[in-house]
Amino acid sequence: MSSPVGSRAQKIRLPMFTQKGLLEVPSPTEKDWSKDDDKDFVFRDPDRERDSLPQPYRMINKLVNLLFDRAWEVIEERDTLRQAELSRTQPTTYPPVMESKLNQMPNCMAICQDYVFIGGAKGFSIYNLYNAKRIYVWDKLKVDVTSIWATDMGSEILVVPVDEMGIVRLLYFYKDGLFLIKAINEVEDTTKQTTCVKMEISQGGDFAAFLLQGAGDIWLDVYKLPKESWLKEVEHPQLALNPKKKGRQPQLNTPEPMTSDNLETDTNICFKGDIKLSLPVHIMKIKPPQPVTGTTFKSPLEVFAKIEDCYGLGSGQNHFIKDSQWEQHAAIFKATYKKYLDREWEEEPLRLAPLTPPCDCEN
């Protein structure tokens, strides 16, 4: 049996000196030895050294270190992106000046001058941009408005709504009045109803184009808008009164009855249906070209055979040349070389030039 003192002595580890850096073979001569060897060694306590972990703990330690390293790489990458994002010039954010709550979900919207036109159920509403108040509601339709356009024409605005049936209408908004000009494609027979696919108004409001389709066909109608006449007619309404409703002239500027849906509207705006403005002038109708169809000819030779004054078609092997072409080429050849063809050629004798030797001339 071993004594406790001996076993305790075996567990005690003495301190040791280890050299810093790489070990080198010293010089064989003592004079070349370094005198500052103590600085090259460091004191290491063996009790503070860590023993290598046994398996499987060593593998677990490596996996945990790998997980921390990858997590740190992700953190550094995100921090780099955040620093780059902060260093960029941030765009200017414009908060809303005011908010206006709508009674229902709008289908479309258009902005022109100081007004916003919002299409919805059975018509559209007009809002003021500065105070966000609704100034008028035009709800004369039986269906909803799906799209709306508004064009600045100077002191007036041309409003063009399109409803669910594809019917497009022209309305004229001037100061305190809204005027209905015309429904472009509205017909009494619903079976012949056409739909408006798209519309465009020229800059300045001189012309308007409507892309219509119906009965399997599609075309473009272009109208000339008499905006000068409209301005005169709204400034002098007595010139544009409907003769059937002249007796109701005192009620032209009377606003329509207010309902619970338009209690907040400005009563200064009203719809003037008694005033009939000049209708736009239809100037052209453009249809797409007819599609290219097949032919009954079986070969190009048959096509050229039907064409007059054709010089022919050559493929390199079999040539198709008409008789008229041969005759034409023969006539051109005879006209060009007529003087040579009609002249009788005689063989001229061969003439030789005399050869004279050179001579020297003396003065």
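Residues numbered from 1 in each chain as written. Predicted model: local features only at pLDDT ≥ 70, side-chain atom pairs only at ≥ 80, totals over all residues. Heavy atoms only, no water.

### A word on the side chain of Glu-156
- Within the secondary structure, Glu-156 is located in strand β8 (residues 156-163).
- Side-chain polar atoms of Glu-156 contact the side chain of Ser-155, separated by 2.7 Å.
- Reaching out from Glu-156, the side chain makes a polar contact with the side chain of Tyr-172 at a distance of 3.3 Å.
- If near-sequence neighbours (up to four positions away) are discounted, Glu-156 is found in contact with Gln-113, Thr-151, Tyr-172, Phe-173, Tyr-174 and Leu-231. (Helix = DSSP H or I, 4+ residues; strand = E, 2+ residues; numbered from the N terminus. Polar contact = N/O pair within 3.5 Å; in protein donor to acceptor, adjacent residues only side chain to side chain. Contact = heavy atoms within 4.5 Å.)

### Focus on the sheet that holds strand β7 (residues 145-152)
- As summarised here, the arrangement of the five strands in space is β7-β8-β9-β10-β14, forming an open sheet in which the pairing is mixed. Each having just a single partner strand, β7 and β14 (270-271) make up the two edges of the open sheet.
- Across two bridges, the pairing between strand β10 (residues 177-183) and β14 is parallel. By the bridge assignment for β14, Gly-177 is matched with Cys-270.
- Running at roughly 55° to strand β9 (residues 169-174), helix α3 (residues 227-235) makes contact with β8, β9 and β10 of the sheet. (Pairing = 2+ DSSP bridges. Axes fitted to C-alpha atoms, helices over the stretch in contact; angles between N-to-C directions.)

### A few points about unusual backbone geometry
- Looking along the chain, the bond that leaves Gln-55 and enters Pro-56 is cis, with omega of 5°.
- Within the fold, Pro-56 resides in the loop between β2 (41-44) and α2 (57-87).
- Positive phi, close to 60°, is recorded for Lys-122, a residue that is not glycine.
- Checked against the element boundaries, Lys-122 lands in the loop between β4 (115-120) and β5 (123-128).
- Positive phi values are uncommon outside glycine, yet Ala-215 reaches one of about 55°.
- By secondary structure assignment, the location of Ala-215 is in the loop between β12 (207-214) and β13 (217-224).

### Considering the confidence of the model for the protein
- Across the protein, the average pLDDT comes to 75, with 68% of residues at or above 70.
- Predicted confidence for residues 5-11 stays below pLDDT 50, and this span has zero contacts to residues more than four positions away or in other chains.
- Note that residues 244-263 has pLDDT below 50 and, in this model, 23 contacts with residues that lie over four places away or in other chains. (pLDDT = per-residue confidence, 0-100.)

### Overview of the pattern of salt bridges
- Counting across every chain of the model gives eight salt bridges.
- A salt bridge links Asp-79 to Arg-82; its shortest N-O distance comes to 3.0 Å. Linking Asp-79 with Arg-82, this pair stays in helix α2, spanning three residues, or about one helical turn.
- A salt bridge links Lys-272 to Asp-176; the shortest N-O distance between them is 3.9 Å. Placement of Lys-272 in the loop between β14 and β15 (281-286) and of Asp-176 in the loop between β9 and β10 is noted, with a sequence separation of 96 residues between them.
- On the accessibility criterion, Lys-272 (10% relative accessible area) is buried.
- Look at Asp-176 and you get partly exposed, because its relative accessible area is 38%. (Salt bridge = Lys/Arg side-chain N within 4 Å of Asp/Glu carboxyl O. Buried < 20%, exposed > 50% of the residue type's maximum accessible area, 1.4 Å probe, protein only.)

### Concerning the sheet that holds β4
- Within the open sheet, the four strands sit side by side as β3-β4-β5-β6. Their pairing is antiparallel. For this open sheet the edge positions go to β3 (108-112) and β6 (134-138), each flanked by a neighbour on one side alone. Within the sheet, the average angular offset between the axes of one strand and its neighbour, ignoring direction, is 20°.
- Pairing of β5 with β6, which is carried by four bridges, proceeds in the antiparallel orientation. From the neighbouring strand, Ser-125 faces β6, where its bridge partner is Val-137.

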